[in-house]
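# Commentary on secondary and tertiary structure
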Amino acid sequence: MSDWSAIEALPSSTLVELFDADPARLDLLTLDTAGIHFDWSKTHLTRPAIDAFAALAKARDLAGKREAMFGGEHVNVTEDRPVEHTAERGEGKADSVARSRQYHARMRALIDAIEAGALGEIRSVLHVGIGGSALGPHLLVDALGRDDRRYDVAIVSNVDGIALEDAFDRFDPATTLLVIASKTFTTTETMLNATSAIQWMTEHGVEDPYGKVIALTASPDKAVEWGVDETRVLPFSEGVGGRYSLWSSIGFPAAIALGWDKFEELLEGAAEMDRHFRLSTLHENAPALAAFADLYYTQVRHAETRAPFAYDERLRLLPSYLQQLEMESNGKAVTVDGQPVGRPTAAITWGGVGTDAQHAVFQLLHQGTHLVPVEFIAVIEQYDTLAEDHHRQLLLNAFAQGAALMKGKQADDPARSYSGDRPSSTLLLDTLDARTLGALIAFYEHRVFVNGVLLGINSFDQFGVELGKEMAKAADQGGGDFDVSTQDLIRRAGLD
């Protein structure tokens, strides 16, 4: 029998039947940790299902691989690297944690110097990066910096010049700090944006534009070679992957805009989730239970997508952040041994924000032909200062949507019928602060890890992003072996 046989043989009951059959269902499928309430009761997980997944986790040595990751072993086997993002928040191999603390101290000292006027008057921060070098910082600044942001921050990732010009229109080049975030300091889009930003500063009379550049990189020599003074290079470890890097110097724009105290609270919240993931049994382990639900739907119910919806405007960037985290990590077709996986891997992640999404995509979720597990993320504490009814209606909509997806409604008119039995989970935060956001993001990271281990794949490489970029570079240099359609498009755009 295969490792998956017990899972694939699980009986199929409706959600309503599962609630009716087990009065203690909430006790089994809810838990509270790090300021977050997790509820998987509206999924098809059952005690036998969790037991079967726990047996699979034992067979795949999840516990051993988890300790190997935290212990600094080279679990990223295809790149022969350790995975050290947890060390950035104090949970990992001792020397990796010590190095991360040194890097953080260096970052804090530079921020203190900037605030003391070492680089002249600074009012704005222009951060250029792409992928994890932009998505993480952008999420942090947008979620936590709405009321007391100390600098105006623009985070530009797109090589489309319109994105960069929008920032130029907002900022005074004389008081702008240029932050370049690139692990290798060779990323084509980022370096082109950085060069254009230097040109903008020069054309507007900044005498020493390179004197207002901060580099965030795992390749400090490349940054110095590019023109950044060594004192303004903030390194991070090669073992910190891009989509796991906001805890490192890549989080600089959040640390300077929000203040160092908030950045430390972010790290502390993530460390709390690290300890929960590392020490809790699988039956009471938030990342593990979430991964079990993910795998149940991809492997047993053949769901191809999953959809997180943030019922809080401050988390509007979370679905985009999760797209990269989940699909770049687990969008793989081979195992760690290079063999075909032979089963579905990552679900396609998509989502949206609050009640906006209800009037756009929930038609398909309720009555469409696709099974889409939904995840609701909401916050109990009201942030806005308007009438309480705003927040009340927001939360009631989130909870009612989950209930409606599960229960459905029958009608004589088929067009007005809802089949029900559509799964959802809910993550309910007590409040949205730096500590809780750190825990939330770390939860998703460990969830991805569990999915990867149980599928037998490496969640920490991302070779799939390279081929198209290599071909674009070849085309830019007048080469490349392209099909006739691509050749025609290049010619029609005047790029030949």
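In case you missed it, the structure is sitting above this.
Let us look at the structure shown here. (Residues numbered from 1 in each chain as written. Predicted model: local features only at pLDDT ≥ 70, side-chain atom pairs only at ≥ 80, totals over all residues. Heavy atoms only, no water.)

With that settled, the discussion passes to the overall build of the protein. Counting its secondary structure elements, the protein contains 20 helices and 12 strands. A compact globule built from 496 residues should have a C-alpha radius of gyration of about 23 Å, and the protein, at 24 Å, falls within 12% of that. Taken along the three principal axes of its C-alpha coordinates, the protein extends 75 × 60 × 55 Å. Of the roughly 22000 Å² of accessible surface on the protein, 51% is carried by carbon and sulfur atoms. In the protein, which carries 44 positive and 73 negative side-chain charges, the distance between the mean positions of the two groups comes to 3 Å. (Helix = DSSP H or I, 4+ residues; strand = E, 2+ residues; numbered from the N terminus. Rg over C-alpha atoms; globule rule 2.2 N^0.38 Å. Areas by Shrake-Rupley, 256 points an atom, 1.4 Å probe, with all protein chains shown as cover. Lys, Arg positive; Asp, Glu negative; His and termini not counted. Charge placed at Lys NZ, Arg CZ, Asp CG, Glu CD.)

On to the pattern of salt bridges. Summed over the entire model, instances satisfying the criterion amount to 29 salt bridges. Between R316 and E313 there is a salt bridge, with the nearest N and O atoms lying 3.8 Å from each other. By relative accessible area, which is 42% here, E313 ends up partly exposed. Residues joined in a network through salt bridges with shared partners are D294, R306, E326, E375 and R447. (Salt bridge = Lys/Arg side-chain N within 4 Å of Asp/Glu carboxyl O. Buried < 20%, exposed > 50% of the residue type's maximum accessible area, 1.4 Å probe, protein only.)

Moving on: the pairing of strand β2 (residues 36-39). Moving residue by residue along a regular strand, the side chains alternate between the two faces of the sheet. Where strand β1 (residues 30-33) and β2 come together, four bridges link them in antiparallel fashion. Its bridge partner lying in β2, T33 is registered against I36. In the sheet, β2 pairs with strand β12 (residues 424-429) via four bridges, with the strands oriented antiparallel. Paired with I36 across the strands is L429, a residue of β12. (Pairing = 2+ DSSP bridges.)

It is worth spelling out the sheet that holds strand β7 (residues 233-235) at this point. Working definition: the strands of a sheet are paired by backbone hydrogen bonds and lie parallel or antiparallel to each other. Read across the open sheet, the five strands follow the order β4-β3-β5-β6-β7; overall the sheet is parallel. Among the strands making up the open sheet, the edge pair consists of β4 (152-156) and β7. The average undirected angle you get between the axes of adjacent strands in this sheet is 15°. The sheet contacts of helix α7 (residues 132-144) involve β3 (124-128), β4 and β5 (176-181), and relative to β4 the element is tilted by about 150°. (Axes fitted to C-alpha atoms, helices over the stretch in contact; angles between N-to-C directions. Contact = heavy atoms within 4.5 Å.)

What follows covers the layout of surface pockets. Roughly 1200 Å³ of volume is contained in the largest pocket. Of all the secondary-structure elements, those providing two or more residues to the lining of the largest pocket are α7, α9 (188-203), α14 (318-330) and α19 (466-476). Considering every element that reaches the lining of the largest pocket, the biggest residue donor is α19, with six residues. Considered class by class, the residues forming the lining of the largest pocket number 12 nonpolar, 18 polar and 12 charged. If you add up the space inside the second largest pocket, you get close to 370 Å³. Along its surface, the second largest pocket is lined by 18 residues, and D312, E313, D384, H391 and L394 are the ones closest to its centre. (1 Å grid on protein atoms, 1.4 Å probe; cavity = no way out; pocket = protein on both sides within 12 Å on 5 of 7 lines; lining within 4 Å. Points joined across faces, edges and corners; volume = space filled by probe spheres on them. Nonpolar A, V, L, I, M, F, W, Y, C, P; charged D, E, K, R; others polar.)

A few words on the packing of helix α6 (residues 94-115) against helix α12 (residues 260-279). Direction vectors running N to C along α6 and α12 enclose 160°, while the axes themselves pass 11 Å from each other. Taken together, the axis directions place α6 and α12 in an arrangement best described as roughly antiparallel. Considering the relative orientation of α6 and α12, their crossing is right-handed. Contacts between α6 and α12 involve H104, M107, R108 and I111 on the former and, on the latter, W260, F263 and L267. When the residues that make up the contact of α6 with α12 are grouped by side-chain class, the tally is five nonpolar, one polar and one charged. (Parallel < 35°, antiparallel > 145°, perpendicular 65-115°, else oblique. Left-handed = near helix turned anticlockwise from the far one by under 90°.)

Below, the discussion takes up unusual backbone geometry. Positive phi is not limited to glycine here, since F185 has a value of about 55°. Note on placement: F185 falls in the loop between β5 and α9. Unusually for a residue other than glycine, D421 sits at a positive phi of about 60°. Along the chain, D421 falls in the loop between α17 (388-407) and β12.

Before going further, it helps to spend a moment on helix α5 (residues 62-70). For α5, the set of buried residues is L62, R66, A68, M69 and F70. Those residues of α5 that are buried are in contact with α4 (47-59), α12 and α18 (434-455).

Time to look at the packing of α4 against helix α13 (residues 286-300). Two elements in contact, α4 and α13, have axes whose closest approach is 10 Å; the angle formed by their N-to-C orientations is 100°. Comparing their axes, α13 and α4 come out roughly perpendicular. Where α4 approaches α13, its residues I50, F53 and A54 are matched on the opposing element by L289, F292, L295 and Y296. Residues that form the contact of α4 with α13 fall into these classes: seven nonpolar, no polar and no charged.

An α-helix turns once per 3.6 residues; consequently, residues spaced three or four apart project the same way. The backbone nitrogen of S485 has a side-chain oxygen 3.0 Å away, supplied by the residue at the start of helix α20 (residues 484-492), namely D483. Positive phi appears at G494, one or two residues downstream of α20, with a value of about 70°. (Polar contact = N/O pair within 3.5 Å; in protein donor to acceptor, adjacent residues only side chain to side chain.)

Another aspect to go through is the environment of V159. Relative to the helices and strands, V159 resides in the loop between β4 and α8 (161-170). Linking V159 and M191, residues 32 residues apart in sequence, is a C-alpha distance of 9.5 Å. The contacts of V159, once residues within four sequence positions are left out, are E189, L192 and N193.

F53, I114, I214, F252, F292, L437 and L454 are the most contacted members of the largest nonpolar core, which totals 107 residues. Looking at this core element by element, the count peaks at 14 residues for α18. Residues in contact with L437, not counting those within four places in the same chain, are L140, A143, L144, L266, L315 and L432. Membership of the second largest hydrophobic core comes to 23 residues, among which are V156, F168, M191 and V233. (Core = buried A, V, L, I, M, F, W, Y, C linked by side-chain atoms within 4.5 Å.)

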